[in-house]
Amino acid sequence: MEHGNCKIIELPKENWKGVTIPLVTRSDSFYDVIIDPLDHSGCTISLVRKKAETEIIHTPEEYDFPDSLYQDHWEKAQAWGVVDDSGNLQACIEVCPEEWSNRLMVTELWVADALRGQGVGKRLMDKAKEIAVSQKRRALILETQSCNTNAIGFYLHEGFELIGFDTCCYTNNDIGRREVRINLGYFFHREARRR
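Residues numbered from 1 in each chain as written. Predicted model: local features only at pLDDT ≥ 70, side-chain atom pairs only at ≥ 80, totals over all residues. Heavy atoms only, no water.

Our focus in this paragraph is the side chain of Thr-144. Relative to the elements of secondary structure, Thr-144 occurs in strand E7 (residues 139–145). Residue contacts for Thr-144: discarding those within four places in its chain leaves Ala-151, Ile-152, Tyr-155, Tyr-170, Val-180, Arg-181, Ile-182 and Leu-184. (Helix = DSSP H or I, 4+ residues; strand = E, 2+ residues; numbered from the N terminus. Contact = heavy atoms within 4.5 Å.)

What follows deals with the packing of aromatic side chains. Within the structure shown, the criterion is met by four aromatic pairs. An angle of 50 degrees between the planes, with centres 5.7 Å apart, marks the rings of Phe-160 and Tyr-186 as tilted. One end of the pair, Phe-160, is in the loop between helix H3 (149–157) and strand E8 (161–166); the other, Tyr-186, is in strand E9 (residues 181–187), and 26 residues separate them in sequence. The exposure class of Phe-160 is buried, given its relative accessible area of 3%. Under the relative-accessibility criterion, Tyr-186 is labelled partly exposed at 21%. Three or more aromatic residues joined by ring pairs form one cluster here, namely Phe-154, Tyr-155, Phe-160, Tyr-186 and Phe-188. (Phe/Tyr/Trp six-rings, centres within 6.5 Å; stacked < 30°, edge-to-face > 60°. Buried < 20%, exposed > 50% of the residue type's maximum accessible area, 1.4 Å probe, protein only.)

Here we come to a nonpolar patch on the surface. Residues Ile-35, Ile-45 and Ile-175 make up a contiguous nonpolar surface patch of about 220 Å² in total accessible area. Relative to the assigned elements, Ile-45 resides in strand E3 (residues 45–58). Judged by its relative accessible area of 43%, Ile-45 falls in the partly exposed class. (Patch = residues over 30% accessible without salt bridge, like charges linked within 9 Å, V, L, I, M, F, W, Y side chains within 5 Å. Areas by Shrake-Rupley, 256 points an atom, 1.4 Å probe, with all protein chains shown as cover. Salt bridge = Lys/Arg side-chain N within 4 Å of Asp/Glu carboxyl O.)

Counting residues in each nonpolar core, the largest one holds 26 residues, and the members touching the most others are Ile-93, Val-106, Val-120, Met-125 and Tyr-155. Those elements that provide at least two residues to this core are strand E4 (78–83), strand E5 (89–98), strand E6 (103–111), helix H2 (120–134), E7, H3 and E9. Here this core takes six residues from H2, the largest share from any one element. Membership of the second largest hydrophobic core comes to twelve residues, among which are Ile-21, Leu-69, Tyr-70 and Ala-112. (Core = buried A, V, L, I, M, F, W, Y, C linked by side-chain atoms within 4.5 Å.)

Quick look at the pattern of salt bridges now. Scanning the entire structure with this criterion turns up 15 salt bridges. For the salt bridge of Lys-51 with Asp-28, the shortest nitrogen-to-oxygen distance reads 3.1 Å. In this pair, Lys-51 is assigned in strand E3 and Asp-28 in strand E2 (residues 25–35), connecting sequence segments 23 residues apart. Judged by relative accessible area, Asp-28 falls into the partly exposed class, the value being 42%. Where Glu-99 meets Lys-76, a salt bridge forms, and the shortest distance between an N and an O atom there is 3.7 Å. Here Glu-99 is found in the loop between E5 and E6, whereas its partner Lys-76 is found in the loop between E3 and E4, with 23 residues between them in sequence.

A few words on H3. Of all the residues in H3, the buried ones are Thr-149, Ala-151, Ile-152 and Tyr-155. Within H3, the buried residues cover an arc of 155 degrees as seen down the axis, which keeps them to one side. Opposite its buried face, H3 presents the exposed residues Asn-150 and His-157, each directed more than 90 degrees away. Taken from the residues just after H3, Gly-159 is the one with a positive phi, measuring 100 degrees. (Arc of directions from axis to C-beta.)

Shown next as structure tokens:
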């Protein structure tokens, strides 16, 4: 599919709810999360990128809750994507407002291997930023995993920064599995931050 044919269209909920996203992550590196125990004086936390001994692969089959569009818990989600001539999804982004914090969350982002490196991911992320601005959101947020270094590199290039992490989001051994939830944010209006 040529770059010119990669038209981003709205994916209406009534047509796309429940469509599975065949999200497979492959990486030869990971961010090792190292946390010194918290005590009264504080603690030290570091995320250090390391080479994996073997390729890290995660597929939808290993999860009870595979990625799909318009999951019930994302009540106000909206999605856009690229669809081929046969009606098959080739790329998508889904966003959902987090009303209480006035942020917009990217709940899904996927680009098929055949379209990678053609700017489709950037165009989808630009769409999410455009929606956030039109809704007057203060930030765009998302989660990824410490083993998804390609995605983290893309998000950093897009202006996102680390806003947090969760060392037991998926299992009680996320650090050992090298799959720690990493939260990233893109800020539209920035107040001076204390350091």
